[in-house]
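These are the residues of each chain, in order.
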Amino acid sequence: KGYAFNIEFNSKALTELLNELLLNAERHAFIDIDKPKITFLIKKNDKQGIAIIEYYNSGKKFNVSLDNYINAFEKQKSSKGSGIGGNLVYRIIKAHKGELYLQDSKEGFKFYIEIPLKQNIEDK
């Protein structure tokens, strides 16, 4: 959902970020879920010069702090994952000068990403 606009973002990194989100939802959130759903809402804030990407999956409720989500090898006790998915997502976002914000959700898992529309070429 959303509308089209241009943003400077490494295409391979974006593919990796999206793949990681889809795999994590499939591996963790959608076990025993009848109608799994992932939604991305993409919008632009011209005043701040950022793209905002909202992510939501309708799977099992995932209560985690931002620190636990982004720290490598930290995971819930019930998780069979490696504990690096959230860290990988976070590193891709930070490499593009962005920020990640987790949001409380009555079900599933929800967060949003803010990414500058233009990257500072001198920092690359």
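Before going into details, it helps to say that this report is about the structure given with it. In this text, all values refer to a predicted model and were calculated from it rather than measured experimentally. (Residues numbered from 1 in each chain as written. Predicted model: local features only at pLDDT ≥ 70, side-chain atom pairs only at ≥ 80, totals over all residues. Heavy atoms only, no water.)

**Considering the side chain of serine 58**
Then comes step 1: With respect to the secondary-structure elements, serine 58 resides in the loop between strand S2 (50-57) and helix H2 (66-70).
Then comes step 2: By relative accessible area, serine 58 is classed as buried at 17%.
Then comes step 3: Here the side chain of serine 58 touches lysine 37 through a polar contact of 2.9 Å, landing on its backbone nitrogen.
Then comes step 4: Among residues more than four places away in sequence, those in contact with serine 58 are Phe30, Ile33, Lys35, Pro36, Lys37 and Gly108. (Helix = DSSP H or I, 4+ residues; strand = E, 2+ residues; numbered from the N terminus. Buried < 20%, exposed > 50% of the residue type's maximum accessible area, 1.4 Å probe, protein only. Polar contact = N/O pair within 3.5 Å; in protein donor to acceptor, adjacent residues only side chain to side chain. Contact = heavy atoms within 4.5 Å.)

**With respect to the sheet that holds strand S1 (residues 38-45)**
Then comes step 1: An order of S1-S2-S4-S3 is seen for the four strands of this open sheet, with the pairing classed as antiparallel. Every other strand in the sheet has two partners, leaving S1 and strand S3 (99-103) as the edge strands with one partner each. Each strand of the sheet is rotated relative to its neighbour by a mean of 20 degrees, with strand direction disregarded. (Pairing = 2+ DSSP bridges. Axes fitted to C-alpha atoms, helices over the stretch in contact; angles between N-to-C directions.)

**A few points about the packing of aromatic side chains**
Here the distance between the centres and the angle between the planes together describe a pair of aromatic rings.
Then comes step 1: Here the structure, examined in full by the defined rule, presents five aromatic pairs.
Then comes step 2: Summarising the aromatic geometry, the rings of phenylalanine 40 and tyrosine 55 are spaced 5.4 Å apart at their centres and angled 55 degrees between planes, so their arrangement reads as tilted. Note that phenylalanine 40 is positioned in strand S1 and tyrosine 55 in strand S2, a separation of 15 residues in sequence.
Then comes step 3: Assessed through its relative accessible area of 22%, phenylalanine 40 is described here as partly exposed.
Then comes step 4: For tyrosine 55, a relative accessible area of 3% gives the class buried.
Then comes step 5: Relative to phenylalanine 109, the ring of tyrosine 55 has its centre 6.5 Å away and its plane inclined at 70 degrees; by these criteria the two rings are edge-to-face. A residue pair is termed long-range when its members are at least 10 positions apart, and tyrosine 55 in strand S2 and phenylalanine 109 in strand S4 (residues 109-116) qualify at 54 residues. Phenylalanine 109 matches tyrosine 55 in its accessibility class, with the two residues each being buried. (Phe/Tyr/Trp six-rings, centres within 6.5 Å; stacked < 30°, edge-to-face > 60°.)

**Considerations on the layout of surface pockets**
Then comes step 1: Its volume calculated, the second largest pocket comes out at about 250 Å³.
Then comes step 2: Taken together, 13 residues make up the lining of the second largest pocket; nearest its centre are Ile7, Phe9, Leu14, Ile42 and Ile53.
Then comes step 3: Only helix H1 (11-29), S1 and S2 provide two or more residues apiece to the lining of the second largest pocket.
Then comes step 4: No other element matches H1, which puts five residues into the lining of the second largest pocket. (1 Å grid on protein atoms, 1.4 Å probe; cavity = no way out; pocket = protein on both sides within 12 Å on 5 of 7 lines; lining within 4 Å. Points joined across faces, edges and corners; volume = space filled by probe spheres on them.)

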